[in-house]
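# Reading the structure
Residues per chain are reported as follows:
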Amino acid sequence: MLVVMQPAATAADIERVCEEITRQGFKPLPMPGEVRTAIGLLGDDSKADWSYIEALPGVASVLIVQKPYRQASREWKPETTIVEIAPGVRFGGPEIAIVAGPCSVESEEQIVTSARAVRAAGATALRGGAFKPRSSPYAFQGLGKQGLELLALARRETGLAIVTEAMDEHGADLVAEYADCIQIGARNMQNYSLLRHVGRLGKPVMLKRGMAATINDLLLSAEYILAEGNPNVILCERGVRTFDSATRNLFDLTAIPVVQKLSHLPIVADPSHGTGLRDKVTPMARAAVAAGADGVLVEVHPQPDKALSDGAQSLYPEQFAQLVQQLRPIAEAIGRSLAPTPGTAPVDVR
Ligand code: PEP
Ligand code: MN
């Protein structure tokens, strides 16, 4: 439930509504807007006495949010949320952010070379996993904390913001220390205790769609993070499993406009995991920008044939540079632009 205040409502009117919400056993969440304040009512609001709240001074209307994901819905917040993961690195505004880098952090040389290459090509942020959720327990599992240290080094070298995955609560605490945005991977999209944990950490979160998750499931998972008080959630479409083995996953382009209609949260597209095939990444990245994605996540490796994970879907740096050039006019054709690369390196002394 959402209580929309009149533009002329006073601070005392807002306070009075918050008190009443608390008295009824719920938690009020005041959200000041440019013109008016809205107050969210957190909890199982089916038993709230909204007619009483509606009659309080300064209240314009009471909106019953129909969607099961309350705070993630556009009913709750009509304007698109802009998530800023580092100064100037935004998702959800007119600029499209490009997150690029290898699947895994493998060595200092590999991650720094990757960071320099993607930055030179026009990326906004660097990705690379230090904790890797691999299908086989015998496959490369990532460098762990050392991988995070190498990402921090790459950030110092290039000024790129860092997006990297956490697989459990302890890992999330570590990732929060080193990175700008915590990625929750497809396999953990419904790990609700992890979602609550990253909700409490307060760092921006990139939440990837599970491989068998509906859009409703994705938005409900986002709700777990929002419900803990963390509004900085970026969604990511990365393909779903189907019967067809022609591609690794079925990259669901439709999810982009569907999510944007249902939710105010920004959504990025990951055509790398979405297709699993290097030569399909470029066309699907172009299509994702045309479809309105707020960002694109692309795996790029200096030597894809030597990659310890996901080499087959990783672009060569030159392919990535060409892709970025192709994305510019596509973004412009729909009234957007690519986010600028961060200022001249080294810019970051964190
Ligand atoms: C990744 O980003 O490298 C990754 C493991 O992605 P997903 O969780 O979408 O499979
Ligand atoms: Mn990968």
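Residues numbered from 1 in each chain as written. Chains lettered and ligands numbered in written order. Predicted model: local features only at pLDDT ≥ 70, side-chain atom pairs only at ≥ 80, totals over all residues. Heavy atoms only, no water.

Our next topic: the sheet that holds strand 1 (residues 2-5). With antiparallel pairing, the 4 strands of this open sheet are ordered in space as 2-3-1-4. Only two strands of the sheet have a single neighbouring strand rather than two, namely strand 2 (27-32) and strand 4 (59-63). Between one strand and the next, the sheet's axes are offset by a mean angle of 20°, whatever the strand orientation. Where strand 1 meets strand 3 (residues 37-42), 3 bridges bridge the pair, whose relative direction is antiparallel. Bridging across to strand 3, Leu 2 finds its partner in Gly 40. Where helix 1 (residues 11-23) meets the sheet, its contacts fall on strand 1, strand 2, strand 3 and strand 4, and the angle it forms with strand 3 comes to roughly 10°. (Pairing = 2+ DSSP bridges. Helix = DSSP H or I, 4+ residues; strand = E, 2+ residues; numbered from the N terminus. Axes fitted to C-alpha atoms, helices over the stretch in contact; angles between N-to-C directions. Contact = heavy atoms within 4.5 Å.)

With the rule as written, the count across this model stands at 1 aromatic pair. Taken together, a centroid distance of 4.4 Å and an interplanar angle of 25° make the contact between Tyr 192 and Tyr 224 stacked. Pair noted here: Tyr 192 is in helix 6 (residues 192-201) and Tyr 224 is in helix 7 (residues 215-227), with a separation of 32 residues, a long-range link. With a relative accessible area of 33%, Tyr 192 lands in the partly exposed category. (Phe/Tyr/Trp six-rings, centres within 6.5 Å; stacked < 30°, edge-to-face > 60°. Buried < 20%, exposed > 50% of the residue type's maximum accessible area, 1.4 Å probe, protein only.)

Surveying the vicinity of ligand 1 reveals the residues Cys 103, Arg 127, Lys 132, Glu 165, Gln 183, Gly 185, Ala 186, Arg 187, Lys 208, Arg 238, His 273 and Glu 299. Measuring from an oxygen atom of ligand 1, one finds a side-chain N or O atom of Lys 132 at 3.0 Å. Between Glu 299 and ligand 1, the recorded distance is 3.3 Å, taken from a side-chain N or O atom to an oxygen atom. Considered on its own, ligand 1 offers 300 Å² of accessible surface; in the complex 98% of this is hidden by protein. Here the residues of the shell around ligand 1 are counted per class, giving 2 nonpolar, 3 polar and 7 charged. (Near = heavy atom within 4 Å. Polar contact = N/O pair within 3.5 Å; in protein donor to acceptor, adjacent residues only side chain to side chain. Areas by Shrake-Rupley, 256 points an atom, 1.4 Å probe, with all protein chains shown as cover. Nonpolar A, V, L, I, M, F, W, Y, C, P; charged D, E, K, R; others polar.)

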